[in-house]
Amino acid sequence: MWRRRASGQMIQQETTPRPPSHAEPQGRHPPPCRLWGPHAAMWPAGALALCSLILSTTGDPSRGSPKTIKTNNPGVLKAARHSVERFNNCTNDIFLFKESHISRALVQIVKGLKYMLDLEISRTICKKTKHPSLDNCDFQTNSTLKRTLSCYSEVWVIPWLQRLEVPVLLCH
């Protein structure tokens, strides 16, 4: 391809695009979440920051493979609470349930973040009709009303759309 310099001289321009100056050496993949090119502008800074936070706490997620994450991670706690809220909306129990223990948490980067959680949820003393915050609800102490369920939940977080979905919630 030919182009004209400001001096009027014609020069031949390279037709193959050069890699960005921060590109990785041949044979290695760039780190996940490092974006350049036309799609980089589509990612809000918050989504990249969240992705960076996950990567810093879990290591390289190897493009889509689930990785173990600490059960006290803020994203895990938010996903667990969202799972419990969905459970409470789907049951006829008079009392609200609340997460009592998260035994295992995985995260996978797939068009957002997918959390896979093994958790226990327990009945609280708070009734559904009063709709209090679960943070202020203590667990049931009455032995006849106590109930704990083991659950597996998948929570899909799409930060740039400010969306959380619970496509899988299995409790027994």
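Analysis parameters
Residues numbered from 1 in each chain as written. Predicted model: local features only at pLDDT ≥ 70, side-chain atom pairs only at ≥ 80, totals over all residues. Heavy atoms only, no water. Salt bridge = Lys/Arg side-chain N within 4 Å of Asp/Glu carboxyl O. Helix = DSSP H or I, 4+ residues; strand = E, 2+ residues; numbered from the N terminus. Expected span 1.5 Å × (residues − 1). Buried < 20%, exposed > 50% of the residue type's maximum accessible area, 1.4 Å probe, protein only. Contact = heavy atoms within 4.5 Å. Polar contact = N/O pair within 3.5 Å; in protein donor to acceptor, adjacent residues only side chain to side chain. Pairing = 2+ DSSP bridges. Phe/Tyr/Trp six-rings, centres within 6.5 Å; stacked < 30°, edge-to-face > 60°. Lys NZ or Arg CZ within 6 Å of the ring centre and 35° of its normal.

## Topic: the pattern of salt bridges
Applying the stated criterion across every chain, the model contains six salt bridges. We note a salt bridge from Asp 93 to Arg 123, for which the minimum N-O separation is 2.5 Å. Taken as a pair, Asp 93 in the loop between helix H2 (74-90) and strand S4 (95-109) and Arg 123 in strand S5 (residues 113-127) lie far apart in primary sequence, 30 residues in all.

## Describing H2
In this model H2 runs 25 Å from its N-terminal to its C-terminal C-alpha over 17 residues, within 8% of the 24 Å that 1.5 Å per residue would give. Within the span of H2, buried status applies to Gly 75, Val 76, Ala 79, Ala 80, Arg 81, Ser 83, Val 84, Phe 87 and Asn 88. Against S4, S5, strand S6 (148-158) and strand S7 (163-171) lie the buried residues of H2. Where H2 begins, the capping side chain belongs to Asn 73, and its oxygen is found 2.7 Å from the backbone nitrogen of Gly 75.

## Structural notes on the pairing of S4
When strand S3 (residues 67-68) meets S4, the two strands line up antiparallel, connected through two bridges. Its bridge partner being in S4, Lys 67 is matched across the sheet by Val 107. Across twelve bridges, S4 lies against S5 in antiparallel orientation. When the bridges of S5 are listed, Phe 95 appears paired with Lys 127. If you look at the hairpin formed by S4 and S5, you'll find three residues sitting between the two strands, and Lys 111 has a positive phi there, around 45 degrees.

## A few points about the environment of Thr 141
Locating Thr 141 in the fold gives a position in the loop between S5 and S6. Judged by relative accessible area, which is 67%, Thr 141 ranks as exposed. Distance in space between the C-alpha atoms of Thr 141 and Thr 124 is 8.4 Å, their sequence separation being 17 residues.

## A few points about the packing of aromatic side chains
Within the structure shown, the criterion is met by one aromatic pair. When the centroid spacing of 5.1 Å and the interplanar angle of 75 degrees are considered together, the rings of Phe 87 and Phe 97 count as edge-to-face. Taken together, the residues Phe 87 in helix H2 and Phe 97 in strand S4 connect sequence positions ten residues apart. We note Lys 98 situated over the ring of Phe 139; from NZ or CZ to the ring centre the distance is 5.3 Å.

## What about the side chain of Asn 73?
Tracing the sequence through the fold places Asn 73 in the loop between S3 and H2. Residue Asn 73 is classed as buried on the basis of its relative accessible area of 8%. One polar contact links the side chain of Asn 73 to the main-chain amide nitrogen of Gly 75, over a distance of 2.7 Å.

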